[in-house]
Amino acid sequence: MEREHVESDLDLEQTLFTEEQIVDRLREMAAEIDADYEGRDILLVGVLKGAVMVMADLARALPRHVEMDWMAVSSYGSGTKSSGVVRILKDLDTDIAGRHVLIVEDIIDTGLTLSWLVANLRSRHPASVEIATLLRKPDALQMEVDVKYVGFDIPNAFVVGYGLDFSEKYRNLRCIGTLAEHVYR
Ligand code: IMP
């Protein structure tokens, strides 16, 4: 859906990135990834459900064969913040031992979910594990896990659209916008 299909203009405060800006940035990231992984096969691991749109556009922008697999994790938290206590809801179908794994994420906020995920995947003896995220919030800069590919650094606001939800809504919004506080308070 488009921005004008959101019930009330007041729910979405500001469009941060249009669909075109997002896809352009993902194309740039894909070119960088393609060059970095020259001579190596990539297994893209998408984190459900938020990364669905990023995966679709990033994977199609890559000028080579890639495999895709998915994980679903749930991070216990209160409201809009995660706690770092993670549970696997859906595990990978692929044995990643010896594989070059690139985790595809929609957003990194505290980085707690991702730190846990990277440690979990490393324990399966892949050849390498890197992270590509479309969005990164300021708190993530403090995390010890290195994020190799970042689409956009954004301020500390709650954002929705392009896969990102609030209470399972807004995932199918084409752009990314900031949600007004009155919606999630
Ligand atoms: P972290 O563990 O704090 O990095 O949280 C990461 C997860 O929290 C993401 O994969 C999203 O599912 C969710 N999240 C964090 N910030 C936002 C946001 O601004 N909008 C929607 N979901 C978010």
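See the structure shown above.
In this report, the structure presented in the accompanying data block is examined. Model, not experiment: these values are computed from the prediction.

Reading the values: rules and limits
Residues numbered from 1 in each chain as written. Predicted model: local features only at pLDDT ≥ 70, side-chain atom pairs only at ≥ 80, totals over all residues. Heavy atoms only, no water. Salt bridge = Lys/Arg side-chain N within 4 Å of Asp/Glu carboxyl O. Helix = DSSP H or I, 4+ residues; strand = E, 2+ residues; numbered from the N terminus. Buried < 20%, exposed > 50% of the residue type's maximum accessible area, 1.4 Å probe, protein only. Core = buried A, V, L, I, M, F, W, Y, C linked by side-chain atoms within 4.5 Å. Pairing = 2+ DSSP bridges. Right-handed = clockwise from strand over helix to strand, strands pointing away. Phe/Tyr/Trp six-rings, centres within 6.5 Å; stacked < 30°, edge-to-face > 60°.

1. Notes on the pattern of salt bridges
Point 1. Throughout the structure, instances matching the rule amount to 13 salt bridges.
Point 2. Notably, a salt bridge pairs R174 with E19, separated by 3.0 Å at the nearest N-O pair. Taken together, the residues span a long stretch of sequence, with R174 in the loop between strand 8 (159-160) and strand 9 (176-179) and E19 in helix 1 (residues 19-36) at a distance of 155 residues.
Point 3. You can call R174 partly exposed: its relative accessible area is 39%.
Point 4. Here E19 falls in the partly exposed class, since its relative accessible area comes to 34%.

2. Some details on the nonpolar core
Point 1. L134 and L135 are the most contacted members of the largest nonpolar core, which has 28 residues in total.
Point 2. Mapped by element, the contributors of at least two residues to this core are strand 1 (12-17), helix 1, strand 2 (42-48), helix 2 (52-61), strand 5 (100-108), strand 6 (128-136) and strand 7 (149-153).
Point 3. Membership of the second largest hydrophobic core comes to 22 residues, among which are V47, V101, I103 and V118.

3. Structural notes on the pairing of strand 5
Point 1. Counted residue by residue, strand 5 has nine buried out of nine residues, so it is predominantly covered.
Point 2. Pairing geometry for strand 2 and strand 5, over five bridges, is parallel. The partner of I42 across the bridge, within strand 5, is H100.
Point 3. Note: strand 5 against strand 6, eight bridges, orientation parallel. Each residue of the ladder has a partner; that of L102, found in strand 6, is E130.
Point 4. Between the parallel elements strand 5 and strand 6, the chain passes through helix 3 (residues 112-122) in a crossover that is right-handed.

4. Some points on the packing of aromatic side chains
Point 1. Applying the stated criterion to the full structure yields two aromatic pairs.
Point 2. Taking 3.9 Å as the distance between ring centres and 15° as the angle between the ring planes, the aromatic pair formed by F17 and F152 counts as stacked. Taken together, the residues span a long stretch of sequence, with F17 in strand 1 and F152 in strand 7 at a distance of 135 residues.
Point 3. A residue is classified by how much of its surface remains accessible, and F17, at 12% relative accessible area, is buried.
Point 4. On the basis of an interplanar angle of 85° and a centroid distance of 6.0 Å, the ring pair of F158 and F166 is categorised as edge-to-face.
Point 5. Residue classification places F158 among the buried positions, given a relative accessible area of 16%.

5. What about unusual backbone geometry?
Point 1. Of the consecutive residues L48 and K49, the connecting peptide bond is found in the cis state with omega at -5°.
Point 2. Within the fold, K49 resides in the loop between strand 2 and helix 2.
Point 3. Here the phi dihedral of Y162 falls at roughly 50°; this positive angle occurs in a residue that is not glycine.
Point 4. With respect to the secondary-structure elements, Y162 resides in the loop between strand 8 and strand 9.
Point 5. Even without being glycine, Y170 reaches a positive phi, approximately 80°.
Point 6. In this fold, Y170 is placed in the loop between strand 8 and strand 9.

Any functional reading would require information that these geometric values do not contain.
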